[in-house]
Amino acid sequence: MIALLDDIELAYEETGSGEPVLFVHGFPHDRSLWDTQLAALSGRARCISVDLRGFGESSVQPPYSMDQWADDLAGLLDRLRIEQVVFCGLSMGGYIAFSFWRRHRHRVRALILMDTRADADAPESAQRRKDLIAQVEERGSAAAADALITGMLGKSTREKCPEIVDATHGMLEAAPAAGVIGALRAMMARQDSVPTLGTIDVPTLVLVGDEDVLTPPAVARSMAAGIKGSVLHVIARSGHLSNVERPATVNHLVSEFLASLSLT
Ligand code: MLT
């Protein structure tokens, strides 16, 4: 489906009924990242996955920033007449979750932060992004797919599930180059969300793969420690894309978390 916002079109999927859950992909993904969650959770929630501006079938149109993406998502919720959501963001989707919290916190029923971090880019990460921009300018998104695929997936998945490796590489490679470059610049410019952690006062679930090398368990632990009352689960034999690599475990944990919300 397509939602028409003021300046762009946003492509999204919607299925199920109940508590609205907004699934926000990372970099450089698209909404298909969440297909397994939508299939598994539609029996208990109103599940919405969306292509961020610059990705999937949404408009490839600047500006790109965490705040812009957060505002785009608030615009989507307006179109869908949804007041509050459980905001589930993976990696860059988590960076956007922090921005969404700062700008639209009354719309957040609860947070699911998956394989993400609160701190801003360290100088060496920013340099890696600059180098990647140069490669994508030269070779297109295939350069990003080749550079990122190893870090995206855990060792277990890379060794045992070639079909997940191929499908993930295909998703990264399909991302529009302008969106990839825009997102790299946006992530370099993003603000430090560590001070935001102490302001979060909604139920929060933190998930991380034990083989995630991009946002490792130690990073997730310190992020969770900053969010009062949050619950952390480390997912065995999973890398950075926990929901793709260990869908049954993630779906179970998300489902339990959603059930717990009806008690609060
Ligand atoms: C992601 O999966 O969104 C990326 O790993 C985020 C990043 O590059 O910081």
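These numbers come from a predicted model, not from an experiment.

I keep staring at the sheet that holds strand β8 (residues 231-235) and nothing clicks. Help me out?
Hydrogen bonds between backbone groups are what pair the strands of a sheet, and the pairing can be parallel or antiparallel. Here eight strands make up an open sheet; going across it, the order is β1-β2-β4-β3-β5-β6-β7-β8 and the pairing mixed. With one partner strand each, in any of the chains shown, β1 (2-4) and β8 form the two edges of the open sheet. Each strand axis lies, on average, 25 degrees off the axis of its neighbour in the sheet, ignoring direction. By the bridge criterion, six bridges tie strand β5 (residues 85-90) to strand β6 (residues 108-114) in an arrangement that is parallel.

So what exactly am I meant to see when it comes to the packing of helix α4 (residues 123-139) against helix α8 (residues 177-189) here?
A pair of packed helices is captured by two measures, namely the crossing angle of their axes and the spacing between those axes. Packing of α4 against α8 brings their axes to within 10 Å, and their N-to-C directions diverge by 165 degrees. By the angle class used here, α4 and α8 are roughly antiparallel. Where α4 crosses over α8, the handedness of that crossing is left-handed. Two secondary-structure elements touch here, α4 through Ala126, Arg129, Lys130, Leu132, Ile133, Val136 and Glu137 and α8 through Ala177, Val180, Ile181, Leu184, Arg185, Met187 and Met188.

Explain the packing of aromatic side chains to me, please; I cannot follow it from the model alone.
Each aromatic ring pair is summarised here by two numbers: the centre-to-centre distance and the angle between the ring planes. One pass over the structure, following the stated rule, counts three aromatic pairs. Taking the centre distance of 5.1 Å and the plane angle of 40 degrees together, the rings of Phe23 and Trp34 count as tilted. Of this pair, Phe23 sits in strand β3 (residues 19-24) while Trp34 sits in the loop between β3 and α1 (35-41), and the two are eleven residues apart along the sequence. Taken individually, Phe23 and Trp34 each receive the classification buried, so the pair is uniform in this respect. Centre to centre, the rings of Tyr64 and Trp69 are 6.0 Å apart; their planes meet at 45 degrees, and the pair counts as tilted.

I tried to follow the side chain of Arg107 on my own but got confused; where do I start?
One can find Arg107 in the loop between α3 (92-104) and β6. Classification of Arg107 by relative accessible area gives buried; the value is 8%. Polar side-chain contacts of Arg107 include one of 3.2 Å to the backbone oxygen of Glu83. With residues up to four places along the chain from it excluded, the contact list for Arg107 reads Ala74, Leu77, Asp78, Ile82, Glu83, Gln84, Val85 and Phe100.

Would you take a moment to explain the packing of helix α2 (residues 66-79) against α3 for this structure?
Look at α2 against α3: their axes get within 8 Å of each other, and the N-to-C directions meet at 70 degrees. On the basis of the axis angle, α2 is roughly perpendicular to α3. Between α2 and α3, the residues in contact are Met66, Asp67, Trp69, Ala70, Asp71, Leu73, Ala74 and Leu77 and Met92, Tyr95, Ile96, Ser99, Phe100, Arg103 and His104, respectively. Residue classes in the contact of α2 with α3 are distributed as ten nonpolar, two polar and three charged.

Looking at this structure, I do not really get helix α10 (residues 217-226). What am I missing?
One turn of the α-helix equals 3.6 residues, which is why residues spaced by three or four share an orientation. Listed as buried for α10 are Pro217, Val219, Ala220, Met223 and Ala224. The buried residues of α10 occupy one face: seen down the axis, they fall within an arc of 155 degrees. Of the residues in α10, the exposed ones pointing more than 90 degrees away from the buried face are Ala218, Ser222 and Ala225. Buried residues along α10 sit against α3, β6, α9 (194-197), β7 (204-209) and β8.

What am I meant to see in the side chain of His104 here?
By the element assignment, His104 lies in helix α3. Judged by relative accessible area, which is 15%, His104 ranks as buried. Here Asp71 takes part through its side chain, which lies 2.8 Å from a polar atom of the side chain of His104. Apart from the residues within four sequence positions on either side, His104 is in contact with Ala70, Asp71 and Ala74.

Help me understand the environment of Gly226 in this model?
By the element assignment, Gly226 lies in helix α10. By relative accessible area, which is 30% here, Gly226 ends up partly exposed. Residues Gly226 and Met188 lie 38 residues apart in sequence; the distance between their C-alpha atoms is 23 Å.

Help me understand the site of the ligand in this model?
As a matter of local geometry, the ligand sits amid Gly26, Phe27, His29, Ser91, Met92, Tyr95, Arg129, Met152, Met187, Leu214 and His240. Contacts to the ligand include Ser91, whose side-chain N or O atom sits 3.0 Å from an oxygen atom. In this structure, an oxygen atom belonging to the ligand sits 2.5 Å away from a side-chain N or O atom of Tyr95. Summarising the interface, the protein chains cover 89% of the accessible area of the ligand, which totals 270 Å² for the free molecule. Looking at the shell around the ligand, its residues break down into six nonpolar, four polar and one charged.

Criteria and cut-off values
- Residues numbered from 1 in each chain as written.
- Predicted model: local features only at pLDDT ≥ 70, side-chain atom pairs only at ≥ 80, totals over all residues.
- Heavy atoms only, no water.
- Pairing = 2+ DSSP bridges.
- Helix = DSSP H or I, 4+ residues; strand = E, 2+ residues; numbered from the N terminus.
- Axes fitted to C-alpha atoms, helices over the stretch in contact; angles between N-to-C directions.
- Parallel < 35°, antiparallel > 145°, perpendicular 65-115°, else oblique.
- Left-handed = near helix turned anticlockwise from the far one by under 90°.
- Contact = heavy atoms within 4.5 Å.
- Phe/Tyr/Trp six-rings, centres within 6.5 Å; stacked < 30°, edge-to-face > 60°.
- Buried < 20%, exposed > 50% of the residue type's maximum accessible area, 1.4 Å probe, protein only.
- Polar contact = N/O pair within 3.5 Å; in protein donor to acceptor, adjacent residues only side chain to side chain.
- Nonpolar A, V, L, I, M, F, W, Y, C, P; charged D, E, K, R; others polar.
- Arc of directions from axis to C-beta.
- Near = heavy atom within 4 Å.
- Areas by Shrake-Rupley, 256 points an atom, 1.4 Å probe, with all protein chains shown as cover.

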